[in-house]
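These are the residues of each chain, in order.
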Amino acid sequence: MIIRAGYDIAYHCQQETPMVLMLSVHPSRQADLLGGHRIVLSNGIAARDYLDTFGNICTRLVAPPGLMEVRNEFLIRDSGLPDEAALDARQLAVDELPDDTLLYLMGSRYCDTQKLSDLAWSLFGNVEGGWRRVQAICDYVHDHLEFGYHHARCDRTASEGHAERRGVCRDFAHLAVALCRCVNIPARYCTGYLGDIGVPPDPAPMDFSAWFEAYLDGRWFTFDARHNYPRIGRIVIARGRDAADVAISTGFGFTQLARFSVITEEVKEEPEKLEMAAA
C-alpha cells in the first residue's frame, strides 16, 4: 500500500533560538519513500541534518524571533501487513545479549526501573520468558492505564503513570518498556506515524504515536501497549531509551507551540500513477 504522511507545525520564539528537530523518517524506512522527503522551513531558515547516537536523523537550525513554520508531506510504500507476531520467540539470557542491547536493560529518564522492579517480578516472573512475557506486560499496561489526551503530562515517569493509572501513548510505552527491562528483556521506545488504517477512524485529531520494541530471539519486535493488537502502517521516525531521546523538537531557549497538525492516511490511487507523480 501507499501511505501519505506529513505535518504542519509552527513555533513562536521570543528571540533567536537554536533548535533540534527530529521529524525525518527513520533511515530504516528511507528506501520506501516515493519521491521527495524534505522538511520545509519558513523564511528560508538554514538547517542541516546529522545522525544521533541512536541512528536517528536530526535537523539543526537557529529559529529567528517570531513565528517559525515547519512542514513536510510525503508518500511512502508499506507492506500493508500488520505487526509481526512470533509467539515462539524466546528471551535471551543476559549473557547472551549483544553488547549494544544492554543499554536497553537500564533505567532512563522516564523509565525508572528501580521503582518498578519488585512489581515486575511479582507479576511476570512466573510467566514464560519471551514473547508471552512481553505480551503479558502489554496486557497488564493496556488494562491498568486509562488513555486520554487530557491526561497528557510531559514529565510523567513510568512509575508515576502506574500510580496515576492514566496517560497517553507515551505513558503506555514508558511503562511497558520499564517493566520489560525489569525482567531482563531489552526494550526501546519508538515514535512515528500510525494512521487509522484497518481500524475504525478515531475522531480525535491525528498525532504522532509512541510504541516500543522488545529484543527477543536475536532481533527487535514491535509491541504496542496502548492499542494492544497488531496495527498496519507504522512509519518509524526515531528510536531511543525513552521520549527524552526522541523529542520532535528541542529548543535551547523559550519556544511556544503555535500550531500542530499531522496527517497519516492510506492513498487509494493506483501505485504506478503515484510513483510517476512523486518522481
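Scroll up to find the structure.
Residues numbered from 1 in each chain as written. Predicted model: local features only at pLDDT ≥ 70, side-chain atom pairs only at ≥ 80, totals over all residues. Heavy atoms only, no water.

### Re the overall build of the chain
Secondary structure summary: the chain contains 5 helices and 15 strands in total. Taking 279 residues into account, the globule formula puts the C-alpha radius of gyration at 19 Å, and the chain, at 19 Å, falls close to it. Dimensions of the chain along its principal axes, counting C-alpha atoms only, are 55 × 45 × 40 Å. When each of the 279 residues of the chain is scored for burial, the buried share is 50%. Looking at the chain alone, contacts between residues at least 24 apart form 77% of all its contacts between residues at least 6 apart. Put simply, the chain shows about 13,200 Å² of open surface, and 51% of that area lies on carbon and sulfur atoms. Between the mean site of the 28 positive side-chain charges and the mean site of the 39 negative ones, the chain shows a separation of 3 Å. (Helix = DSSP H or I, 4+ residues; strand = E, 2+ residues; numbered from the N terminus. Rg over C-alpha atoms; globule rule 2.2 N^0.38 Å. Buried < 20%, exposed > 50% of the residue type's maximum accessible area, 1.4 Å probe, protein only. Contact = heavy atoms within 4.5 Å. Areas by Shrake-Rupley, 256 points an atom, 1.4 Å probe, with all protein chains shown as cover. Lys, Arg positive; Asp, Glu negative; His and termini not counted. Charge placed at Lys NZ, Arg CZ, Asp CG, Glu CD.)

### A closer look at the packing of helix H2 (residues 131–144) against helix H4 (residues 169–182)
Their axes nearest at 10 Å, the elements H2 and H4 cross at an angle of 140 degrees. Regarding the angle of H2 to H4, the classification is oblique. Of the two possible hands of crossing, H2 and H4 adopt the one that is right-handed. Residues Val134, Ile137, Tyr140, Val141 and His142 of H2 form the contact with H4, whose participating residues are Phe172, Leu175, Ala176, Leu179 and Cys180. Considered class by class, the residues forming the contact of H2 with H4 number 9 nonpolar, 1 polar and no charged. (Axes fitted to C-alpha atoms, helices over the stretch in contact; angles between N-to-C directions. Parallel < 35°, antiparallel > 145°, perpendicular 65-115°, else oblique. Left-handed = near helix turned anticlockwise from the far one by under 90°. Nonpolar A, V, L, I, M, F, W, Y, C, P; charged D, E, K, R; others polar.)

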